[in-house]
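# Analysis of the macromolecular model
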Amino acid sequence: MTRGWQITLGEGDPVVALVDLDDAALRPASDAPDATADVVVDVTWSGLNYKDALAFAGNRGVVRSSPLVPGIDVVGTVASSTTPRWAPGDRVLLNGAGAGETRQGGLAQRAHLDGGTLVATPDAFTDQQAAGIGTAGFTAMLAVLALERHGVTHGDVLVTGASGGLGAFAIALLARAGFTVTAATGRPEQADRLQRLGATVVLDRAELDRPSRALESQHWAGVIDAVGGAPLATALAQVRQNGVAVACGNAASAALATTVMPFILRGVSLVGVNSSLTARTLREQAWQRLARDLDAAVVDAIARPIALEEARDAAAEVLAGRVAGRLAVRVDEPASPALATTGGLS
């Protein structure tokens with residue numbers, strides 16, 4: 001049996017329990033669009049992302065299969081494989097690709113996955129560190145790569161949502177690449193931590209979270225935005241000629257009230273990142289760059305480990321905005337003696 005979290009949707013509140021699951025409950029349905037499951041992974045660590053926190057709350061935009069094991073990040077060791085790409089004992093990881101949304105995810109001790117979506121865990125990182133990086137760090141790296149592809153290789157870059165995991169990793173990666181980083185946050189108590197990660201300036205989020213003019217003074221060669229809404233609209237109005245803004249989150253709002261002026265008068269580009277559906281070659285490139293450019297000590301400073309049993313309570317803290325950085329979830333630890341084998345927490 002496999003211990004893991006399971007979310008079941010019905011007409012009322014979701015049923016959330018830490019239970020024992022058999023292999024049949026972990027395999028994707030044969031008629032599911034992402035039914036390929038040619039690799040079985042013994043999961044060691046996962047992460048707790050904002051999307052996972054929404055899943056624990058029963059958000060039907062995330063929980064699209066029920067019952068569902070949440071967890072969009074999976075880190076572990078191959079137990080068995082029917083694809084030549086992977087062999088038992090290989091260290092692998094997964095970010096997104098339907099895990100924790102349309103198929104069973106990483107917050108259980110075993111996962112049945114599509115080998116075509118997996119990436120080898122870099123030797124530079126332990127399993128705990130790879131999970132600490134998770135989707136947040138992976139997305140931050142994709143955003144940096146997007147800036148580079150569009151010609152932004154130096155200058156001032158704004159990072160919004162800087163206190164979160166994505167923002168923290170973006171700051172560290174940009175600083176390592178030689179950019180001058182401004183971190184925007186609504187949590188001034190985090191200023192020292194953000195500067196230690198590499199931010200030169202820490203900006204109060206309120207300076208961006210307001211109605212903006214069509215064009216404002218030019219400040220940024222690039223923007224990595226994790227919040228959407230008014231802060232992104234204001235940042236777009238401040239991007240320099242031929243600059244680039246990368247949108248990769250909606251923590252503030254999914255709405256974007258802006259004008260065409262930054263695009264038609266300054267040649268600004270707005271680029272989107274969808275980490276869940278990233279092609280394998282780009283996944284591999286991003287993780288190779290993470291291994292090259294991200295010091296393991298930085299990961300340890302950003303990501304805090306928690307036990308699998310703590311995941312649901314921690315998810316509520318994430319939704320309340322009380323978690324800075326990242327949470328890595330230890331999945332392969334033995335159950336607490338106080339935990340029942342089925343439905344111990346519900």
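Residues numbered from 1 in each chain as written. Predicted model: local features only at pLDDT ≥ 70, side-chain atom pairs only at ≥ 80, totals over all residues. Heavy atoms only, no water.

In terms of helices and strands, the chain carries 10 helices and 15 strands. Taken over C-alpha atoms, the radius of gyration comes to 20 Å for the chain, in line with the 20 Å a tight globule of 346 residues would show. Expressed as a percentage of its 346 residues, the buried residues of the chain come to 53%. Look at the contacts in the chain between residues 6 or more apart in sequence, and 73% of them connect residues 24 or more apart. When the accessible area of the chain is evaluated, it comes to approximately 14100 Å², of which 50% is carbon and sulfur surface. With 28 positive and 35 negative side-chain charges, the chain shows a separation of 5 Å between the mean positions of the two kinds. (Helix = DSSP H or I, 4+ residues; strand = E, 2+ residues; numbered from the N terminus. Rg over C-alpha atoms; globule rule 2.2 N^0.38 Å. Buried < 20%, exposed > 50% of the residue type's maximum accessible area, 1.4 Å probe, protein only. Contact = heavy atoms within 4.5 Å. Areas by Shrake-Rupley, 256 points an atom, 1.4 Å probe, with all protein chains shown as cover. Lys, Arg positive; Asp, Glu negative; His and termini not counted. Charge placed at Lys NZ, Arg CZ, Asp CG, Glu CD.)

Across the 5 residues of strand 15 (residues 326-330), 4 count as buried, placing the element largely inside the fold. Note that strand 3 (residues 39-47) and strand 15 share 3 bridges and pair antiparallel. What sits directly across from Gly47, in strand 15, is Ala328. Pairing of strand 14 (residues 303-307) with strand 15, which is carried by 5 bridges, proceeds in the parallel orientation. In the sheet register, Ile306 faces strand 15, and the bridge partner there is Val329. Running through helix 10 (residues 311-319), the crossover from strand 14 to the neighbouring parallel element strand 15 is right-handed. (Pairing = 2+ DSSP bridges. Right-handed = clockwise from strand over helix to strand, strands pointing away.)

Moving on, we get to the side chain of Thr185. Looking at the secondary structure, you find Thr185 in strand 9 (residues 180-185). One polar contact links Thr185 to Ser163, side chain to side chain, over a distance of 2.6 Å. In this structure the side chain of Thr185 is engaged in a polar contact, spanning 3.0 Å, whose partner is the backbone nitrogen of Arg187. Excluding anything up to four places from it in sequence, Thr185 contacts Ala162, Ser163, Leu194, Val202, Leu203, Asp204 and Arg205. (Polar contact = N/O pair within 3.5 Å; in protein donor to acceptor, adjacent residues only side chain to side chain.)

Once that is clear, we can look at the sheet that holds strand 9. Read from one edge of the open sheet, 6 strands run 10-9-8-11-12-13, paired in parallel fashion. Looking along the sheet, the strands with just one partner apiece sit at the ends: strand 10 (199-204) and strand 13 (269-272). On average, adjacent strands in this sheet sit at an angle of 20 degrees to one another, irrespective of strand direction. Note: strand 9 against strand 10, 5 bridges, orientation parallel. Paired with Thr185 across the strands is Asp204, a residue of strand 10. Running at roughly 150 degrees to strand 11 (residues 220-225), helix 3 (residues 127-149) makes contact with strand 8 (156-159), strand 11, strand 12 (239-247) and strand 13 of the sheet. Against the sheet, helix 6 (residues 229-238) touches strand 8, strand 11, strand 12 and strand 13, its axis set at about 155 degrees to strand 12. (Axes fitted to C-alpha atoms, helices over the stretch in contact; angles between N-to-C directions.)

A few words on the nonpolar core. Of all hydrophobic cores here, the largest spans 51 residues; its most connected members are Ile171, Leu174, Ile224 and Leu294. In terms of residues, this core owes the most to one element, helix 3, which gives 13 residues. With sequence-adjacent residues up to four places away left out, Ile171 is seen in contact with Val159, Ala162, Val181, Ala183, Leu194, Leu197, Gly198 and Ala199. Listed in part, the 36 residues of the second largest apolar core include Val39, Phe56, Ala315 and Val329. (Core = buried A, V, L, I, M, F, W, Y, C linked by side-chain atoms within 4.5 Å.)

To continue, consider the pattern of salt bridges. Within the structure shown, the criterion is met by 17 salt bridges. A single salt-bridge network, built from bridges that share partners, covers Glu148, Arg289, Arg292 and Asp293. (Salt bridge = Lys/Arg side-chain N within 4 Å of Asp/Glu carboxyl O.)

This part is about the packing of helix 3 against helix 8 (residues 280-293). One can describe the packing of helix 3 onto helix 8 by two numbers: an axis separation of 9 Å at closest approach and a directional angle of 105 degrees. Considering their axes alone, helix 3 and helix 8 lie roughly perpendicular with respect to each other. Contact with helix 3, carried on its side by Ala130, Ile133, Gly134, Gly137, Phe138, Met141, Leu142, Val144, Leu145, Glu148 and Arg149, involves Leu282, Arg283, Gln285, Ala286, Trp287, Arg289 and Leu290 of helix 8 and no other residues of that element. Considered class by class, the residues forming the contact of helix 3 with helix 8 number 11 nonpolar, 3 polar and 4 charged. (Parallel < 35°, antiparallel > 145°, perpendicular 65-115°, else oblique. Nonpolar A, V, L, I, M, F, W, Y, C, P; charged D, E, K, R; others polar.)

Let's shift gears to helix 6. When you tally the buried positions in helix 6, you get 9 out of 10 residues, the bulk of the element. For helix 6, every residue scored as buried is listed here: Gly229, Pro231, Leu232, Ala233, Thr234, Ala235, Leu236, Ala237 and Gln238. Along its buried surface, helix 6 packs onto strand 8, strand 11, strand 12, helix 7 (261-265) and strand 13.

Attention now goes to the packing of aromatic side chains. Within the structure shown, the criterion is met by 2 aromatic pairs. Plain terms: the ring middles of Trp5 and Phe56 are 5.5 Å apart, the flat faces sit at 80 degrees to each other, and that makes the pair edge-to-face. Of this pair, Trp5 sits in strand 1 (residues 2-8) while Phe56 sits in helix 2 (residues 50-56), placing them 51 residues apart in sequence. Pair check on accessibility: Trp5 and Phe56 agree, each one buried. Seen in terms of ring centroids, Phe125 and Trp287 are 6.4 Å apart; in terms of plane orientation they differ by 75 degrees. Their pairing is edge-to-face. Taken together, the positions of Phe125 in the loop between strand 7 (119-120) and helix 3 and Trp287 in helix 8 put the pair 162 residues apart, joining distant regions of the chain. Residue Phe125 is classed as buried on the basis of its relative accessible area, which comes to 2%. Accessibility expressed as a relative area gives 1% for Trp287, which makes it buried. (Phe/Tyr/Trp six-rings, centres within 6.5 Å; stacked < 30°, edge-to-face > 60°.)

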